[in-house]
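Topology and contacts: notes
What follows is each chain in one-letter form.
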Amino acid sequence: MIKVRDLEKSFDNRPVVKELSFQATDGAITGLLGSNGAGKTTTLRMICGVLKPDSGSIAVDDVAGDPQAQQRRMGALLDHIGIYSRLTARENLVYFGRLRGMAPAPLKERVREVLSALKLESVADRQTSGFSQGERMKTALGRAILHSPQNLLLDEPTNGLDIPTVRSLRDLLKRLRDAGTCIVFSSHVLDEVRALCDQVVVISNGSFIAQGSPAELCSQTDTPSLEEAFLKLTCSPEVPQC
Amino acid sequence: MLSQSLVVAHKEIVESFRDNRSVFSLLMYSLMGPLAVGLVSLSPAIRGAAQSPLAGLMSVFTLVSAFTSGMNVAMDTIAGERERRSLLPLLLNPVHRRNIIIGKWLTVSLFSILGLAVTLLGFSVVFVISGMHLQVPWPRFLLAIALGMFPLPILAASIQLLLSTGCRSLKEAQTHLSMVVFLPMGVGMFLVFFPAARRAWLNFLPLVGQQLHLQSLADGRAVPLVQSFVLGCLTLTLATLVMLVSSIRLHRDEIIYGN
């Protein structure tokens, strides 16, 4: 479970996230929905412990104030997938498993399981420099779920993927959700949010706007679709693109 | 935890040895000095002359080798990671950033020390081929080198990592790190051609001390081992401090959103 309270972050005196609060529960996929530049990536980076918030608090499974303890409870696939091109897919996974302190024998078995779950066995011992975008994304996803985290954060994970890969990724996320994992998923693709998310947190200009299931958001805004609900919630006369 | 640093170092070493550029640059930079000095030593004009200019040249090339052998790895290991967007995924792990830097520092130091060792080995061959004689006994010479000289590539690794943490791309790192090579070159050449500038305390100043050290040894003047030891300790202390500054820089927000 992830609880975010009054989170704030500025870069060069420019506020990017403003008093943001929301909660993502176990066994559910929570989507962070917002336009480009709404603050989704910065929020995820703060939750992951790579950026320090200016103020506010983040609790992961009720652990707060200790970024490393929080990182032990989560896996993440953010916008930089950056796998090591001179290592094989298996070596990439083993490296991150060893960094997380996994013992050699269980790690070897777990890497085999993850490669199998992601259908990467046939390329597991090839250096990743020649991998397709889908294979690279799957390797990076494998890295995020290797240690069976209770919390999983994904930042627009389907960008650049073909349809079969997107479908297998969605199936994997649903299986993890059904197993009780708390998944936070950022996207600006409404179809994806509707297909995957149990809860949606709408963010605009770094601020919390609304939270609910896609149906609840439609009902709250009295609109027939999530797209209309999103536009009604985030658009104001001051926002030119609306 | 040192074990995490060793995991990082192991991965960096495997990756660096799979990258032909790192191995080639190590060999080229470390053999450059012995080849150049070897050619000069075979010249008839030099053969009849005193050995002092050769000793000076050797010491300059040795210092340069300590700074150039690990340069490619230093660029790749931080600036290269940022460029390839693999630094952020690394920082998502519950590993203290100091341990990450220590792992990378160990790798760059290893390459720099290997380069220095190849250079010194090359100069030993030059000594034999050119008929030059080492007037200091070999065991003493080797001990003085081990104590005084080998901390220098470790300092070089620290400086290069520090600069690399401030760079967003390999190209940017290449520009900055290439300039650092002028440091040993400038210090070396200055002391070779302006020996009057030497002062006793300079023997303990990292980089300058190593240059004076090498020149004394090559000229056949024994260096007190305690002097080599103190110089080595001071150099290692400075190297550790610079490395710690790099780990602090790795905490800045710019390391993430700057690229």
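Residues numbered from 1 in each chain as written. Chains lettered and ligands numbered in written order. Predicted model: local features only at pLDDT ≥ 70, side-chain atom pairs only at ≥ 80, totals over all residues.

**A few points about the interface of chain B and chain A**
In this assembly, 19 residues from chain B lie in contact with 22 residues from chain A. Among the elements of the structure, α1 (2-18), α6 (87-91) and α14 (254-257) of chain B are those that each provide at least two residues to the side of chain B that touches chain A. Take the side of chain B that touches chain A: its biggest share by element is five residues, from α1 of chain B. Tallied by class, residues from the side of chain B that touches chain A come to nine nonpolar, three polar and seven charged. (Contact = placed C-beta atoms within 7 Å. Helix = DSSP H or I, 4+ residues; strand = E, 2+ residues; numbered from the N terminus. Nonpolar A, V, L, I, M, F, W, Y, C, P; charged D, E, K, R; others polar.)

**Digging into the nonpolar core**
Ranked by internal contacts, the top residues of the largest apolar core, which has 135 residues, are C48 and L153 of chain A together with L161 of chain B. Considering each element in turn, this core owes the most residues, 13 residues, to helix α7 (residues 97-130) of chain B. Apart from residues no more than four positions distant in its own chain, C48 of chain A is found in contact with Q71, M74, A76, L78 and L153 of chain A together with L92 of chain B. (Core = buried A, V, L, I, M, F, W, Y, C linked by C-beta atoms within 7 Å. Buried ≥ 20, exposed ≤ 12 C-beta atoms within 10 Å, placed from the backbone.)

**Section: the environment of F185 of chain A**
By secondary structure assignment, the location of F185 of chain A is in strand β8 (residues 182-187). Separated by 107 residues in the primary sequence, F185 of chain A and L78 of chain A have C-alpha atoms spaced 9.9 Å apart.

**Notes on the sheet that holds strand β7 (residues 151-155) of chain A**
Residue and element names in this part refer to chain A. Taken in spatial order, the six strands line up as β6-β7-β8-β3-β9-β10 in an open sheet, and their pairing is mixed. One side of each edge strand has no neighbouring strand; the edge strands of this open sheet are β6 (74-77) and β10 (207-212). Neighbour to neighbour, the strand axes of the sheet diverge by 15° on average, direction disregarded. Helix α8 (residues 214-221) rests against β9 (199-204) and β10 of the sheet, and its axis sits at about 110° to β10. (Pairing = 2+ DSSP bridges. Axes fitted to C-alpha atoms, helices over the stretch in contact; angles between N-to-C directions.)

**Notes on the confidence of the model for chain A**
On average, chain A scores 91 in pLDDT, and the residues at 70 or more come to 97%. Helix α7 (residues 190-196) of chain A is the least confidently modelled element of chain A, averaging 85 in pLDDT, while helix α3 (residues 89-99) of chain A averages 97, the highest of any element. (pLDDT = per-residue confidence, 0-100.)

**Digging into helix α9 (residues 151-165) of chain B**
For α9 of chain B, with 15 residues, the first-to-last C-alpha span of 21 Å sits near the 21 Å given by 1.5 Å per residue. Within α9 of chain B, 15 of the 15 residues are buried, which leaves the element mostly enclosed by the surrounding structure. (Expected span 1.5 Å × (residues − 1).)

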